[in-house]
Amino acid sequence: MKTADKRITLAITGASGAPYALRLLECMLAQGQEVSLLISSAARVVFATEENLKLPGSAEALQTFLCERYQVPTSQLKVYGKEEWFSPVASGSAAPKRMVVCPCSTGTLSAIATGASDNLIERAADVVIKERGQLILVPREMPLSSIHLEHMLNLSRLGVTIMPAAPGFYHQPQSIADLVDFVVARILDHLGLDQQLMSRWGYDQRNS
């Protein structure tokens with residue numbers, strides 16, 4: 001089912017998985033989605049480590065950098081700082097009804113599960129839950145402790161979708177990019193967005 005609402009919140013936290021976040025953002029913007037982007041301090045460290053990409057420090061500079069990178073207007077991509085409490089994502093009357101945290105650290109998972117709301121990412125997720133919107137969390141951690149699993153179960157019971165960054169191999173990936181696209185394609189499917197990154201099971205199987 002496709003959605004008419006083109007607004008999505010994308011939060012990026014300090015778990016391993018920067019390639020997933022970048023590819024997801026790219027695909028969302030390419031489809032004309034209006035993205036509210038939130039990024040944690042730890043995520044900036046991960047980006048520098050995994051992508052050799054040092055992001056600008058301020059929200060305004062990061063917004064300019066990303067808009068230029070993906071060739072989109074500033075009206076399509078808004079970046080908010082971790083304490084911008086007057087941003088639309090902090091309010092149930094203004095926030096997008098869809099939100100993805102990709103990747104989602106287990107610390108952020110815990111905070112969302114307990115309603116901490118100590119920063120804008122946690123508050124935005126809390127808003128989506130209370131407003132009965134769509135929240136997708138993409139954890140990337142192994143092994144998972146009982147604490148992590150209990151938080152995931154509690155969130156799942158609230159209607160949150162838990163989508164671990166666990167790519168499949170039945171599409172015969174030839175590169176790391178193929179593995180990244182597998183996970184991103186599944187996220188896009190759940191958001192109701194078109195995706196041509198990978199074929200769905202049973203529709204375009206390779207000849208044996």
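Everything below is about the structure printed above this text.
Novice: Help me out: how do you make sense of the sheet that holds strand β5 (residues 134-139) in this one?
Specialist: Within a beta sheet, neighbouring strands are joined by backbone hydrogen bonds and run either parallel or antiparallel to one another. Strand order in the open sheet formed by 6 strands is β3-β2-β1-β4-β5-β6, with parallel pairing between adjacent strands. The open sheet has two free edges, formed respectively by β3 (77-80) and β6 (161-162), since each of these has just one partner strand. Strand direction decides the pairing type here: strand β1 (residues 7-12) and strand β2 (residues 34-39), joined by 6 bridges, are parallel. Pairing of isoleucine 12 across the sheet is with isoleucine 39, part of β2.

Novice: Help me out: how do you make sense of empty space enclosed by the protein in this one?
Specialist: The full count for this structure, using the stated rule, is 1 cavity of 30 Å³ or more. In this model, the largest cavity occupies a volume close to 60 Å³. What lines the largest cavity is Ile12, Leu22, Leu25, Leu37, Ile39, Phe47, Leu55, Leu62 and Leu66. Counting only elements with at least two residues in the lining of the largest cavity, the list comes to α1 (18-30), β2 and α3 (59-70).

Novice: When you look at the side chain of histidine 151 in this model, what are you seeing that I'm missing?
Specialist: Relative to the helices and strands, histidine 151 resides in helix α6 (residues 146-157). Among the polar contacts made by the side chain of histidine 151, one reaches the side chain of serine 110 at a distance of 3.5 Å. With residues up to four places along the chain from it excluded, the contact list for histidine 151 reads Leu109, Ser110, Ala113 and Thr114.

Novice: Please explain the packing of aromatic side chains as it appears in this structure.
Specialist: In this description, a pair of aromatic rings is defined by centroid distance and the angle of the planes. Counting across every chain of the model gives 1 aromatic pair. Relative to phenylalanine 182, the ring of tyrosine 170 has its centre 5.6 Å away and its plane inclined at 75°; by these criteria the two rings are edge-to-face. Remark: phenylalanine 182 occurs in helix α7 (residues 176-191) and tyrosine 170 occurs in the loop between β6 and α7; sequence separation between them is 12 residues. The partly exposed category is assigned to tyrosine 170, whose relative accessible area is 41%. By relative accessible area, which is 8% here, phenylalanine 182 ends up buried.

Cut-offs used in this document
Residues numbered from 1 in each chain as written. Predicted model: local features only at pLDDT ≥ 70, side-chain atom pairs only at ≥ 80, totals over all residues. Heavy atoms only, no water. Pairing = 2+ DSSP bridges. Helix = DSSP H or I, 4+ residues; strand = E, 2+ residues; numbered from the N terminus. 1 Å grid on protein atoms, 1.4 Å probe; cavity = no way out; pocket = protein on both sides within 12 Å on 5 of 7 lines; lining within 4 Å. Points joined across faces, edges and corners; volume = space filled by probe spheres on them. Polar contact = N/O pair within 3.5 Å; in protein donor to acceptor, adjacent residues only side chain to side chain. Contact = heavy atoms within 4.5 Å. Phe/Tyr/Trp six-rings, centres within 6.5 Å; stacked < 30°, edge-to-face > 60°. Buried < 20%, exposed > 50% of the residue type's maximum accessible area, 1.4 Å probe, protein only.

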